[in-house]
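Inside the fold
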Amino acid sequence: MIRLRGWDPVLGMNMRNARIAEQNPSAAIRLVNDKYATKQALTAVGAPTSPTVALLRSRPEISSLDWTGLPDCWALKPNQSLGGNGILLSFGRRRNTWYSSSGKRITREDVTDHLRRILDGEFSPRPNDWAMFEPLIRAHPELERLSHQGLPDIRVICRGDRPQLAMLRLPTRFSGGRANLHQKAIGAAVDLATGRITHALVGKEPTRHHPDTGEPLIGAGVPHWPEVLDAARRCAAATGLRYLGADIVVDAERGPLILEVNARPGLQIQNVTGRGLATTSAQHRRH
């Protein structure tokens, strides 16, 4: 584990929760728990996010879904899922059959069954949910080569519209293609000024190369970095949160897109970056 600098006090869970209670209104927290409403709020302030191809609110709407209007490649997501659960991805289509990244067939019956599970709240903390189709995001080539399958993303912690820390999360074979640090994805510290990786961890172990691809990590840059930071800065005005984590991906064609806004971002970023977040509210206001 990286030793944090002595003059960067670490933000603990109790202090984080107190900060959230003080700075994040309950209405703003409810907003970001609703992905569709969050996308609308982001769009209203000019923040980049993935469009919605189709939105289904109830089982009867499945029968009226325009199947031919769906793109060949899409992501089907629950509106209020936790931890990225319940996502179904299509990487291509031939006639009425779609295909997963591994080439597995996804039939219309498979999609219909998945829609029912989403709408019945199987992946949501609520008894019912909505289902969204979005265009499939494909990682920018510069990030794709640093990753093992999956979709790498950038977490930026902001206080108001001021980015504080940033890290790049890179899927590994061990993480099953997910950018989840608890599943041994790589956490790579990103310098706010340059957008370049300064150091990286797999779990608690430092690494200079991706363990699966062998690609060097230190010094690699995040493409479109100024636009990534600009997207993160817009999240506070869009949502009303004053302390947040913005999860951003860089699409190969569309550039930076805000994937999610977190009202209760985790604390692992401090270990990854070697920087603490425990500055007082008074210090923040003076800046």
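Conventions adopted
- Position numbers for residues start from 1 in each chain and track the written sequence from start to end.
- Per-residue local features of the predicted model are confined to residues with pLDDT of at least 70, and side-chain atom pairs are confined, for both listing and counting, to 80 or more; whole-chain, interface and lining totals are unaffected and use all residues.
- To get the side-chain values, all heavy atoms of the structure are used, and hydrogens and water are removed first.
- Should a side-chain nitrogen of Lys or Arg be within 4 Å of a carboxyl oxygen of Asp or Glu, the pair is scored as a salt bridge.
- Think of it this way: any DSSP run of H or I at least four residues long counts as a helix, any run of E at least two long counts as a strand, and we number them from the N terminus.
- Only protein chains enter the accessibility calculation, which uses a 1.4 Å probe; a residue whose area is less than 20% of its type maximum is buried, one above 50% is exposed, and one in between is partly exposed.
- By definition, residues are in contact when any of their heavy atoms lie within 4.5 Å.
- Only strands joined by at least two bridges in the DSSP assignment are considered to pair.
- Axis definition: a line fitted to C-alpha atoms, over the contacting stretch in the case of helices. Angles run 0 to 180 degrees between N-to-C directions.
- This arc is taken over the directions from the axis of the helix to the C-beta atoms.

Taken as a whole and judged by the stated rule, the model has 12 salt bridges. With its nearest N and O atoms 3.9 Å apart, the salt bridge here joins Asp212 to Arg173. Pair noted here: Asp212 is in the loop between β11 (205–206) and α6 (225–239) and Arg173 is in the loop between β8 (162–170) and β9 (186–190), with a separation of 39 residues, a long-range link. The salt bridge involving Asp251 is made with Arg254; its shortest N-O contact spans 3.5 Å. Taking the relative accessible area as the measure of exposure, Asp251 reaches 4% and is therefore buried. A network of salt bridges, in which partner residues are shared, links Asp153, Arg155, Arg169 and Asp247.

Next up on the list: the side chain of Thr112. Among the secondary structure elements, Thr112 is positioned in helix α4 (residues 108–119). Taking the relative accessible area as the measure of exposure, Thr112 reaches 14% and is therefore buried. Dropping the residues within four chain positions of it, Thr112 is found in contact with Ile62 and Trp67.

Attention shifts here to the environment of Asn33. For Asn33, the location among the structural elements is in the loop between α2 (26–32) and α3 (35–44). Asn33 gets classed as partly exposed once you look at its relative accessible area, which sits at 41%. Sequence separation of Asn33 and Leu82 is 49 residues, and the distance between their C-alpha atoms is 9.0 Å. In contact with Asn33, other than residues within four places in its own chain, are Asn79 and Gln80.

One open sheet accounts for 7 strands, arranged β11-β10-β9-β8-β7-β12-β13; its pairing is antiparallel. Every interior strand has two partners, whereas the edge strands, β11 and β13 (255–262), have only one. Note that β9 and strand β10 (residues 197–202) share 5 bridges and pair antiparallel. The partner of Val190 across the bridge, within β10, is Ile197. Here helix α1 (residues 13–23) sits on the sheet and contacts β7 (153–159) and β12 (243–251); the angle it forms with β12, its principal contact strand, is near 95 degrees.

Strand order in the open sheet formed by 6 strands is β1-β6-β2-β3-β4-β5, and the pairing between neighbours is antiparallel. The open sheet has two edge strands with one neighbour each: β1 (54–56) and β5 (105–106). Two elements, strand β2 (residues 73–78) and strand β6 (residues 131–135), share 5 bridges in a ladder whose sense is antiparallel. Counterpart to Pro78 in the pairing with β6 is Ala131. Against the sheet, α3 contacts β1, β2 and β6, and its axis sits at roughly 45 degrees relative to β6. The strands touched by α4 are β1, β2, β3 (88–94), β4 (97–99), β5 and β6; relative to β2, the strand with the most contacts, the crossing angle is about 25 degrees.

The next thing to look at is α1. Three or four residues apart is the spacing at which side chains of an α-helix point the same way, because the helix has 3.6 residues per turn. Here α1 has its buried residues at Arg16, Arg19, Ile20 and Gln23. An end-on view of α1 places all buried positions within 100 degrees of arc, on one side of the element. Within α1, the exposed residues directed more than 90 degrees away from the buried face are Asn14, Ala21 and Glu22.

A word on the environment of Gly46. Along the polypeptide, Gly46 turns up in the loop between α3 and β1. The exposure class of Gly46 is partly exposed, given its relative accessible area of 49%. Separated by 192 residues in sequence, Gly46 and Ala238 place their C-alpha atoms 9.0 Å apart.

Let's shift gears to the pairing of β3. Regular strands place side chains that alternate from one sheet face to the opposite one. Here β2 pairs with β3 via 4 bridges, running antiparallel. Paired with Trp74 across the bridge in β3 is Ser90. In the sheet, β3 pairs with β4 via 3 bridges, with the strands oriented antiparallel. Note that in β4 the partner of Gly92 across the bridge is Tyr99. The loop that links β3 with its antiparallel partner β4 comprises 2 residues; one of these, Arg95, has a positive phi angle of about 55 degrees.

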